[in-house]
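# Breakdown of the fold
Now for the letters of each chain:
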Amino acid sequence: MSTQAAVFLDRDGVINSDTGYVSQWSEFVFLPGAIEAMQRLSRAGYALIVVTNQSGIARGYYSEQDFATLTQHMRHELSQQGVSVAGVYYCPHHVDGITADYRKACSCRKPAPGLLLRAIEDHNIDARRSVFVGDKASDMKAGTNAGIAQRFHVTTGSPELGSVRVSSLLQAADLLLGVDQNS
């Protein structure tokens, strides 16, 4: 059985502006170049998989249904732009949550690798040929913990050890695909 390479994407701060607990489509703003980057990565044959911590659910700021509705809108808009998202995996848990069902430590909250490992299994992904793009140290650590060797850290500061610093998802896509950024 053949395996596929994937680009795992954090959501807030990589795909869309991270304004804090984004839960409504009216609050969702794609970052410049994010759609173009996903188009390029899709055309290159990568499965696109979103992996996102959503502690706002545990904190009672929004519901899983709110998250599902927003995700449906995001996927629809991306589909309209020719981008297929193979899967969206999220962690609703947080140890400081106010909702008992979500107030816990778990194996899916990044930096734990649970979301990525589940996606790898669900989509028959080759982790060694895959990439993670995230904006937090916990994203980079989740990638490492899941066996994903190539990681792009969207940051203006120092990147997490073993990851490559980039300014955006578009820059990560350009580096991954060997696009000359000076042309």
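Residues numbered from 1 in each chain as written. Predicted model: local features only at pLDDT ≥ 70, side-chain atom pairs only at ≥ 80, totals over all residues. Heavy atoms only, no water.

Here the focus is the side chain of N16. Looking at where N16 falls in the secondary structure, it is placed in the loop between β1 (6-9) and α1 (34-43). By relative accessible area, N16 is classed as buried at 0%. The contacts of N16, once residues within four sequence positions are left out, are R11, V22, F28, V29, F30 and L31. (Helix = DSSP H or I, 4+ residues; strand = E, 2+ residues; numbered from the N terminus. Buried < 20%, exposed > 50% of the residue type's maximum accessible area, 1.4 Å probe, protein only. Contact = heavy atoms within 4.5 Å.)

Okay, the nonpolar core next. V7, L9, M38, V133 and L169 are the most contacted members of the largest nonpolar core, which totals 37 residues. When residues of this core are traced back to their parent elements, those giving at least two are β1, α1, β2 (47-53), α2 (55-58), α3 (64-80), β4 (131-134), β5 (150-154) and α6 (169-177). Contacts of V7, omitting those with residues within four sequence positions, involve L41, Y46, A47, L48, I49, V131, V133 and L176. Among the nonpolar cores identified, the runner-up in size contains 19 residues, and C91, L116, A127 and I148 belong to it. (Core = buried A, V, L, I, M, F, W, Y, C linked by side-chain atoms within 4.5 Å.)

Our next topic: the packing of aromatic side chains. A complete count under the given rule lists five aromatic pairs for this structure. Seen from their ring centres, Y21 and Y61 are 4.6 Å apart, and the 75° between their planes marks the pair as edge-to-face. Taken as a pair, Y21 in the loop between β1 and α1 and Y61 in the loop between α2 and α3 lie far apart in primary sequence, 40 residues in all. Residues W25 and F28 carry aromatic rings whose centres are separated by 5.2 Å and whose planes lie at 15° to one another, so their mutual orientation is stacked. Its relative accessible area of 29% is what places W25 among the partly exposed residues. Three or more aromatic residues link up through ring pairs in this structure, and these residues are W25, F28 and F30. (Phe/Tyr/Trp six-rings, centres within 6.5 Å; stacked < 30°, edge-to-face > 60°.)

In β1, alternate side chains face the same way, and those of A6 and F8 on one face and V7 and L9 on the other are all buried. Relative to β2, β1 is paired through four bridges, and the arrangement is parallel. Counterpart to F8 in the pairing with β2 is I49. (Pairing = 2+ DSSP bridges.)

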